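# Structural features, examined
Each chain, written out:
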Amino acid sequence: MTDYTDDELKALAARAISQPLVTHIYTADPSAHVFEGRLYVYPSHDIDAGIPFDDEGSHFGMEDYHVLRMDSPEGEAVDCGVALHVRDVPWAERQMWAPDAATRDGRYYLYFPAKRADGLFQIGVAVGERPEGPFAPEPEPIAGSYSIDPAVFRDDDGEHYMYFGGLWGGQLQKYRDNAYDAAHAEPAGDAPALGPRVARLAADMKRFAEAPREVAILDEHGVPLRAGDHARRYFEGPWMHQYRGKYYLSYSTGNTHYLCYATGDSPYGPFVYQGRILEPVVGWTTHHSIVEFGGKWWLYYHDALLSGGVTHLRSVKVTELRYDGDGRILTIHPYGG
Ligand code: FUB
């Protein structure tokens, strides 16, 4: 399914500011890290699983992960092959969505959401000796985890924090105080929007060291963003990075298709909304990561141009990200302008 005419797609392709990292497979949801002096990107591996479209995102029927390696952001991306397959994860049945990775004490950890047989998402971890894997999954999902889109951030003191959660198909709206209730829905109107969740990881990187907390994102008056503020409220795809001592929480607004960010003084927040990082891309979803390499900052993101706008067949791209003198991120227009 695509919402674009051929002429629109041609015009967008001609103006696109960057090209797919790889074209032999579809990739999405890039989590980029510098490990051992090289860039590693941990994306979703998009496929057409032949599953009909629905509001739960069942058509995102991904089955495995491939890791991409680059010597520089603008260099060739090497596909390191299958790093983990759903058939090897005892607790997971389907939908291997946006992953992330981290390293500690010489080992590498791949974090991934997947649906259990009962249809609920949880987040798992798999362990490897190399950044590209292969990764051996733990037999059970991370206790206390739920929803999707794990992003693991290493703070200066060596502690690691996992941010996670996504609305609608990602099921975050069903949780309050870390408990599931099928009757819960996304709040609306002037009610406070739901926030992503954050939990510090234990030293073994396989467990939460604490119960997940909800992250507050405030407006310029110190008031939590409202649920009806779809242009700014958190939807999915959290990422955390630090710039000049500040913590930058960035995320997707989902149905309004923006990548936005908010800043704070602690990995737990609160964060104050600052603005947009990326204007909408071709395709429904937008999802990113931000990494420093070679003295510059880079935005990894995806769009669905290569597939002609098929929303679950996306391609990872990269472009430089710039700040102004006050640390504000300059908004990127993926097709110029
Ligand atoms: O790739 C499947 C889902 O689409 C991700 O988990 C979301 O962030 C969105 O990009």
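Before reading further, recall that the structure is shown in the block above.
Worth saying up front: this structure is predicted, and the values here are computed from it rather than measured.

## A short note on the layout of surface pockets
Approximately 560 Å³ is the volume attributed to the largest pocket. Gly57, His59, Phe60, Trp284 and Thr285 are the residues nearest the centre of the largest pocket, which is lined by 30 residues in total. Of the residues assigned to the lining of the largest pocket, the class counts are 12 nonpolar, 10 polar and eight charged. Here the second largest pocket is characterised by a volume of approximately 470 Å³. The wall of the second largest pocket is formed by 20 residues, among which His33, Phe153, Arg154, Met240 and His241 lie closest to the centre.

## A short note on the pairing of strand 22 (residues 315–321)
The element strand 22 is extensively covered by neighbouring structure, given that six of its seven residues are classed as buried. As judged from the seven bridges shared by strand 21 (residues 296–303) and strand 22, these two strands associate in the antiparallel manner. From the neighbouring strand, Leu299 faces strand 22, where its bridge partner is Thr319.

## What about the side chain of Ser44?
Mapped onto the elements, Ser44 comes out in strand 2 (residues 38–46). In terms of polar contacts, Ser44 uses its side chain to reach the backbone amide nitrogen of Ala98, at 3.4 Å. Leaving out residues up to four positions away in the same chain, Ser44 has contacts with Tyr26, Thr27, Ala28, Asp29, Met62, Tyr65, Met96, Trp97, Ala98 and Pro99.

## Points about the environment of Ile148
If you trace the backbone, Ile148 turns up in the loop between strand 8 (136–137) and strand 9 (151–154). Given the relative accessible area of 0%, Ile148 is considered buried. A C-alpha to C-alpha distance of 35 Å links Ile148 and Asp7, two positions 141 residues apart in sequence. Ile148 has contacts with Trp97, Pro113, Phe121, Ile123, Phe164, Gly165, Gly166, Gly170 and Glu236, leaving out every residue within four places of it along the chain.

## Quick notes on unusual backbone geometry
In this structure, the amide linkage connecting Gly133 to the following residue, Pro134, adopts the cis form with an omega of 5 degrees. Within the secondary structure layout, Pro134 lies in the loop between strand 7 (121–128) and strand 8. In the segment running from Gly269 into Pro270, the intervening peptide bond is cis, with an omega of 0 degrees. One non-glycine residue, Asp105, adopts positive backbone phi at about 50 degrees. In this structure, Asp105 sits in the loop between strand 5 (100–104) and strand 6 (107–115). One non-glycine residue with positive phi stands out, namely Met205, at about 65 degrees.

## Things to note about empty space enclosed by the protein
Tallying each qualifying case throughout the model produces one cavity of 30 Å³ or more. A volume near 30 Å³ is recorded for the largest cavity. Together, Ser31, Pro99, Asp149, Pro150, Ala151, Gly237, Pro238, Trp239, His287 and His288 line the largest cavity. With three residues, strand 16 (residues 236–243) is the largest single contributor of residues to the lining of the largest cavity.

## A look at the environment of Ala102
Relative to the elements of secondary structure, Ala102 occurs in strand 5. Along the chain, Ala102 and Thr311 lie 209 residues apart, while their C-alpha atoms are 28 Å from each other. Setting aside its immediate chain neighbours within four residues, Ala102 contacts Phe35, Arg107, Tyr108, Tyr109, Tyr111, Val152, His160 and Met205.

## Focus on the pattern of salt bridges
Overall, the coordinates contain 21 salt bridges when judged by the stated rule. Between Glu279 and Arg276 there is a salt bridge whose closest N-O contact spans 3.2 Å. According to the relative accessible area criterion, Glu279 is buried, its value standing at 18%. In this structure Arg276 comes out as partly exposed when scored by relative accessible area, which is 28%. Connected through salt bridges with shared partners, the residues Asp29, Asp46 and Arg314 form a single ionic network.

## Comments concerning the packing of aromatic side chains
Following the criterion strictly, the structure yields 23 aromatic pairs and no others. Pairing Phe164 with Phe208 gives two aromatic rings, centres 5.8 Å apart and planes at 10 degrees, and the pair type is stacked. Of this pair, Phe164 sits in strand 10 (residues 160–164) while Phe208 sits in the loop between strand 13 (197–200) and strand 14 (213–214), and the two are 44 residues apart along the sequence. The class of Phe164 is buried, set by a relative accessible area of 0%. Judged by relative accessible area, which is 11%, Phe208 ranks as buried. One aromatic cluster is present, built from ring pairs that chain together Tyr146, Phe164, Tyr175, Tyr180 and Phe208. Over the ring of Tyr273 we find Arg232, and its NZ or CZ is 5.2 Å from the ring centre. A cation sits over an aromatic face here: Arg276 above Tyr258, 3.6 Å from the ring centre.

What counts, and where the lines are drawn
- Residues numbered from 1 in each chain as written.
- Predicted model: local features only at pLDDT ≥ 70, side-chain atom pairs only at ≥ 80, totals over all residues.
- Heavy atoms only, no water.
- 1 Å grid on protein atoms, 1.4 Å probe; cavity = no way out; pocket = protein on both sides within 12 Å on 5 of 7 lines; lining within 4 Å.
- Points joined across faces, edges and corners; volume = space filled by probe spheres on them.
- Nonpolar A, V, L, I, M, F, W, Y, C, P; charged D, E, K, R; others polar.
- Buried < 20%, exposed > 50% of the residue type's maximum accessible area, 1.4 Å probe, protein only.
- Helix = DSSP H or I, 4+ residues; strand = E, 2+ residues; numbered from the N terminus.
- Pairing = 2+ DSSP bridges.
- Polar contact = N/O pair within 3.5 Å; in protein donor to acceptor, adjacent residues only side chain to side chain.
- Contact = heavy atoms within 4.5 Å.
- Salt bridge = Lys/Arg side-chain N within 4 Å of Asp/Glu carboxyl O.
- Phe/Tyr/Trp six-rings, centres within 6.5 Å; stacked < 30°, edge-to-face > 60°.
- Lys NZ or Arg CZ within 6 Å of the ring centre and 35° of its normal.

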